[in-house]
Structure formats: C-alpha cells, structure tokens
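Single-letter residue listing:
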Protein chains: 2
Amino acid sequence: MKYSPALQGLIEALRCLPGVGPKSAQRMALHLLERDREGAVELSQRLQVAVDRIGHCVQCRNLTELEVCEICADTRRDAATICVVETPADVLAVEQSGSYRGRYFVLMGHLSPIDGIGPEDLGLDRFERRVAEEGVAEVILATNPTVEGEATAYYLSDALRSRGVKVSRIAHGVPLGGELEYVDGSTLAHAFSGRRPLE
Amino acid sequence: MKYSPALQGLIEALRCLPGVGPKSAQRMALHLLERDREGAVELSQRLQVAVDRIGHCVQCRNLTELEVCEICADTRRDAATICVVETPADVLAVEQSGSYRGRYFVLMGHLSPIDGIGPEDLGLDRFERRVAEEGVAEVILATNPTVEGEATAYYLSDALRSRGVKVSRIAHGVPLGGELEYVDGSTLAHAFSGRRPLE
Ligand SMILES: [Zn+2]
Ligand SMILES: [Zn+2]
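Here the structure is a predicted model, which is why all the values come from computation and not from measurement. (Residues numbered from 1 in each chain as written. Chains lettered and ligands numbered in written order. Predicted model: local features only at pLDDT ≥ 70, side-chain atom pairs only at ≥ 80, totals over all residues. Heavy atoms only, no water.)

A. Expanded view of the relation of the copies chain B and chain A. With an RMSD of 0.0 Å, the operation that places chain B on chain A is a rotation of 180° combined with a shift of 0.0 Å along the axis. Accordingly, the operation relating the two chain copies is best matched by a two-fold axis. Minimal C-alpha separation from the rotation axis in chain B is found for Ser44 of chain B, amounting to 2.1 Å. The residues that chain B uses at the interface reappear at the interface of chain A in 100% of cases, marking a shared surface. (Least-squares fit on C-alpha atoms with pLDDT ≥ 70 in both. Contact = heavy atoms within 4.5 Å.)

What follows is the structure in structure tokens.
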C-alpha cells in the first residue's frame with residue numbers, strides 16, 4: 001500500500017531536491033498538503049518561472065534572467081579585473097564581503113577529467129580569448145581550495161600567462177578543503193587583499 | 001546584492017518546506033537550475049496537481065483525490081473496526097505492518113487546547129455519531145504516545161464509552177515520546193496484537 005497517486009507523485013518529485021530522502025520527502029509533502037497549500041502553489045509557480053526565465057549571462061555565465069547580468073552591465077565596476085569563481089553562490093559570497101568591485105567569470109563547476117569536464121565545458125576557451133581581446137589587466141582566481149579548484153586555477157594561470165595578463169590567486173583565509181560560499185565576509189575580504197601573483 | 005529576482009523568488013519559495021533554512025534553500029535552487037531543470041519542472045507540476053486534486057476522504061479524513069478513499073471503499077476490509085490515528089503517515093505505517101484489516105479515522109492532528117484545536121477541528125463530533133450509527137464494534141486508539149496523543153485517546157475513550165462501543169489502545173511497543181510513523185512494522189504488529197480495552 002502506498003499513498004494516493006497524486007500524493008505519491010509529489011513525494012517522488014520532491015526527491016529531486018538535494019539531501020531529501022524518502023522520509024523527508026514524505027514529511028514535506030504532508031506538511032504542504034495539511035498546513036501550507038498556499039506555499040505549495042507559490043513554490044510550484046516559482047519553479048516554473050525560474051526554469052522558464054533563468055539562463056546564463058552571455059559574458060560571465062552567471063545565472064540571470066537577463067542576457068547580460070546586472071554586474072556585467074554595471075559600468076561603474078572595474079572591467080579590467082575579472083574574478084573567476086566556481087558557482088553563482090560564490091559570486092554572492094564575494095559580493096557580500098564588499099571587498100571587490102571588478103567583474104566575474106563563473107565556471108559553473110571546475111575541471112574534472114574523471115567526470116569528463118574539460119576547459120570547453122567551463123567556457124574557458126571563450127574566456128581566454130575575451131581576456132586577451134578586452135584588455136583585461138588582472139584575473140583573480142577564486143576557485144575553491146579543493147583538489148579540483150586548485151587544478152582549475154593552475155590550468156587557468158598557465159593558459160593566461162601566455163596572453164600577457166596578470167594572474168593572482170586569492171590568499172589564505174579561505175580554509176583548506178572548505179567551500180567559498182560558507183566563508184564569512186571579513187575572511188573573504190582578507191583573502192582578497194592578501195592575494196599574490198602566481199609565479 | 002542578491003540573486004536575480006526569479007532566482008531569489010525561488011529560494012524564498014523553497015523556505016515553505018519544513019526544515020529548509022536560507023542556506024539549504026539556496027543550495028536547492030542552484031542545484032535545480034544548474035543540474036536538474038527537468039526535475040524542477042516535474043516538481044512544479046506535481047505540486048500543482050497535488051494541491052488541485054488532493055482533499056480529504058469524506059469518511060476517514062485521510063488525504064485522497066477520491067471522494068471516498070481506497071481503504072474506505074474496500075469492502076473486504078472489516079467495517080466494524082476503526083483505528084484512529086493522527087496523520088496519513090500513521091495510516092501508511094500501520095498498513096505496512098500488515099497487522100490490521102479494519103478501517104481508519106485520521107484526526108489530521110490531536111487535541112491541543114493551547115493551539116485552539118478542539119474535538120470539532122478533528123471531526124470528532126461526526127466521528128462519534130458515525131460510530132454509533134454504523135454499528136462499529138471496536139475503536140482502536142492509535143494516537144501517538146505523547147502528551148497530546150494520550151489526551152486525545154483519553155477524550156475519545158470517554159466519549160465513546162457512553163455509546164456502548166469497545167474502545168482499545170494499542171499496546172507497548174511504540175516507544176514513549178516516539179512518533180508512530182517512525183516505528184518499524186513488527187513493533188507495530190506487536191502493539192496491535194497486544195492491545196487492551198481501556199477501563
Ligand atoms: Zn554577467
Ligand atoms: Zn477513507
């Protein structure tokens with residue numbers, strides 16, 4: 001015996017959320033139906049709107065419903081400096097630290113040969129060309145201090161050096177093995193100011 | 001600075017799920033948009049269908065998209081025995097224990113004067129009448145062994161005794177302070193067979 005089909009279907013669909021197992025999915029479905037049907041309708045609509053409208057910024061690859069995201073379109077920001085991060089959450093974390101006024105490039109991942117993720121999947125070919133063509137003075141590598149993040153930073157520093165651009169890596173302060181998006185603002189600010197050129 | 005409006009809206013809407021704070025909501029939204037847009041669309045549709053179609057069985061109050069749920073409509077089940085539980089998850093737990101072939105009544109909660117939840121909110125007035133009119137022989141009280149669950153069982157046993165119906169409470173086996181839906185099937189089966197009439 002299971003729940004009725006519509007309820008069972010909702011429970012199974014909730015499993016698409018990360019960290020949600022069968023028991024949590026059941027608890028969520030029953031909670032929504034018993035206590036928050038308005039919330040369920042709202043969530044349904046927000047999901048549809050998000051999927052319909054949100055794509056990637058053509059310049060920085062960040063998630064946005066605009067063709068060019070607000071940060072890339074902001075002419076008050078320093079276009080000669082680009083900070084490379086792994087995810088949209090990292091952009092938010094850096095922005096909230098208030099320590100950076102340049103532009104971004106969002107990899108939407110990191111190099112991972114084992115998963116078949118190469119430089120083209122991260123848009124690095126286009127990124128390298130753009131850096132050279134647009135007269136970028138400095139690229140700050142803010143990928144995570146994990147094995148894959150370090151490898152991605154190493155790959156980029158190597159590829160960009162031949163293009164004659166200054167490449168730096170954000171400094172200590174971001175704990176090793178940690179993830180950028182969970183670091184507090186002042187630690188991140190410190191990491192930015194203490195950045196050093198990669199030899 | 002925040003995310004783009006559609007993304008921010010999705011993150012906020014995900015907070016309607018129990019146990020989901022700001023950080024989890026952000027992680028869920030980014031996961032869906034970066035890695036599982038099909039899952040997001042599916043979830044959106046399932047939520048809408050569930051809210052549109054799922055109501056309460058007119059007989060037992062369980063969640064169902066039918067007027068009379070499958071269990072109440074199943075003529076092979078013993079109509080002379082009714083098991084009273086707090087939630088739809090409890091019905092599922094009892095069904096999966098395989099120890100019970102009667103009908104149910106689902107309170108969708110428990111008596112809680114402090115929250116203003118009285119007998120009418122749980123449909124107990126209609127339930128008492130139905131028990132008397134339909135010649136029910138036994139009512140098994142399977143509310144949770146919590147303060148509120150015990151109080152609800154006590155209230156029902158009191159109200160039903162005057163109607164001349166046998167009232168029993170499921171036995172030990174369900175740990176005190178625990179919740180019925182998390183108890184394994186064999187413990188529940190034991191609790192059913194060891195039930196005793198309330199004096
Ligand atoms: Zn952009
Ligand atoms: Zn029913």
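B. Structural detail: the coordination of the zinc ion (ligand 1). Residue and element names in this part refer to chain A. The protein atoms that coordinate the zinc ion (ligand 1) are Cys57 (SG), Cys60 (SG), Cys69 (SG) and Cys72 (SG), at distances of 2.3 Å. The site at the zinc ion (ligand 1) holds four donor atoms, and with the angles between them running 105 to 118°, its shape is tetrahedral. All donors of the zinc ion (ligand 1) belong to a single chain; written as a sequence motif, their spacing is C-x2-C-x8-C-x2-C. Each member of the pair, Cys60 as well as Cys69, carries the same accessibility label: buried. (Donors = N, O, S within 2.8 Å, 3.2 Å for Na, K, Ca; no water. Tetrahedral: all angles 85-135°; square planar, octahedral: opposite > 155°, others 65-115°. Buried < 20%, exposed > 50% of the residue type's maximum accessible area, 1.4 Å probe, protein only.)

C. Geometry of unusual backbone geometry. We note that Met108 of chain A has phi near 55°; this positive angle belongs to a residue other than glycine. You can see Met108 of chain A is positioned in the loop between β4 (102-106) and α6 (124-133). Although it is not a glycine, Arg61 of chain B sits at a positive phi angle of roughly 70°. In this fold, Arg61 of chain B is placed in the loop between β1 (55-56) and β2 (63-64). (Helix = DSSP H or I, 4+ residues; strand = E, 2+ residues; numbered from the N terminus.)

D. Expanded view of the packing of helix α1 (residues 5-14) of chain A against helix α2 (residues 22-35) of chain A. Residues and elements named next belong to chain A. Two numbers describe how α1 lies on α2: the axes approach to 8 Å, and their chain directions differ by 125°. Looking at the two axes, α1 sits oblique to α2. The handedness of the crossing between α1 and α2 is right-handed. Judged by residue contacts, Leu7, Leu10, Ile11 and Leu14 of α1 engage Pro22, Ala25, Gln26, Met28, Ala29, Leu30 and Leu33 from α2. Classifying every residue of the contact of α1 with α2 gives 10 nonpolar, one polar and no charged. (Axes fitted to C-alpha atoms, helices over the stretch in contact; angles between N-to-C directions. Parallel < 35°, antiparallel > 145°, perpendicular 65-115°, else oblique. Left-handed = near helix turned anticlockwise from the far one by under 90°. Nonpolar A, V, L, I, M, F, W, Y, C, P; charged D, E, K, R; others polar.)

E. The environment of Ser193 of chain A, seen in detail. By secondary structure assignment, the location of Ser193 of chain A is in helix α8 (residues 185-193). Residues Ser193 of chain A and Ile170 of chain A lie 23 residues apart in sequence; the distance between their C-alpha atoms is 8.0 Å.

F. Seen up close, the coordination of the zinc ion (ligand 2). Residue and element names in this part refer to chain B. Note on the zinc ion (ligand 2): its protein donors are Cys57 (SG), Cys60 (SG), Cys69 (SG) and Cys72 (SG). The metal-donor distances range over 2.3 Å. Angles of 106 to 118° at the metal separate the four donor atoms of the zinc ion (ligand 2), which places the site in the tetrahedral class. Read from N- to C-terminus, the donor residues coordinating the zinc ion (ligand 2) fall into the pattern C-x2-C-x8-C-x2-C. Here Cys57, found in the loop between β1 and β2, pairs with Cys72, found in helix α4 (residues 70-73); they are 15 residues apart in sequence, far enough to count as distant. The pair Cys57 / Cys72 is uniform in exposure class, with both members buried.

G. Summary view of the pattern of salt bridges. For the structure shown, the criterion picks out 18 salt bridges over all chains. Here Glu134 of chain A makes a salt bridge to Arg130 of chain A, at a shortest N to O gap of 3.4 Å. With a shortest N-O distance of 2.8 Å, Arg77 of chain B and Glu95 of chain B are connected by a salt bridge. With a gap of 18 residues between them, Arg77 of chain B in the loop between α4 and β3 (78-85) and Glu95 of chain B in helix α5 (residues 88-97) connect regions that are remote in the sequence. Of the two residues, Arg77 of chain B and Glu95 of chain B, both sit in the buried class. (Salt bridge = Lys/Arg side-chain N within 4 Å of Asp/Glu carboxyl O.)

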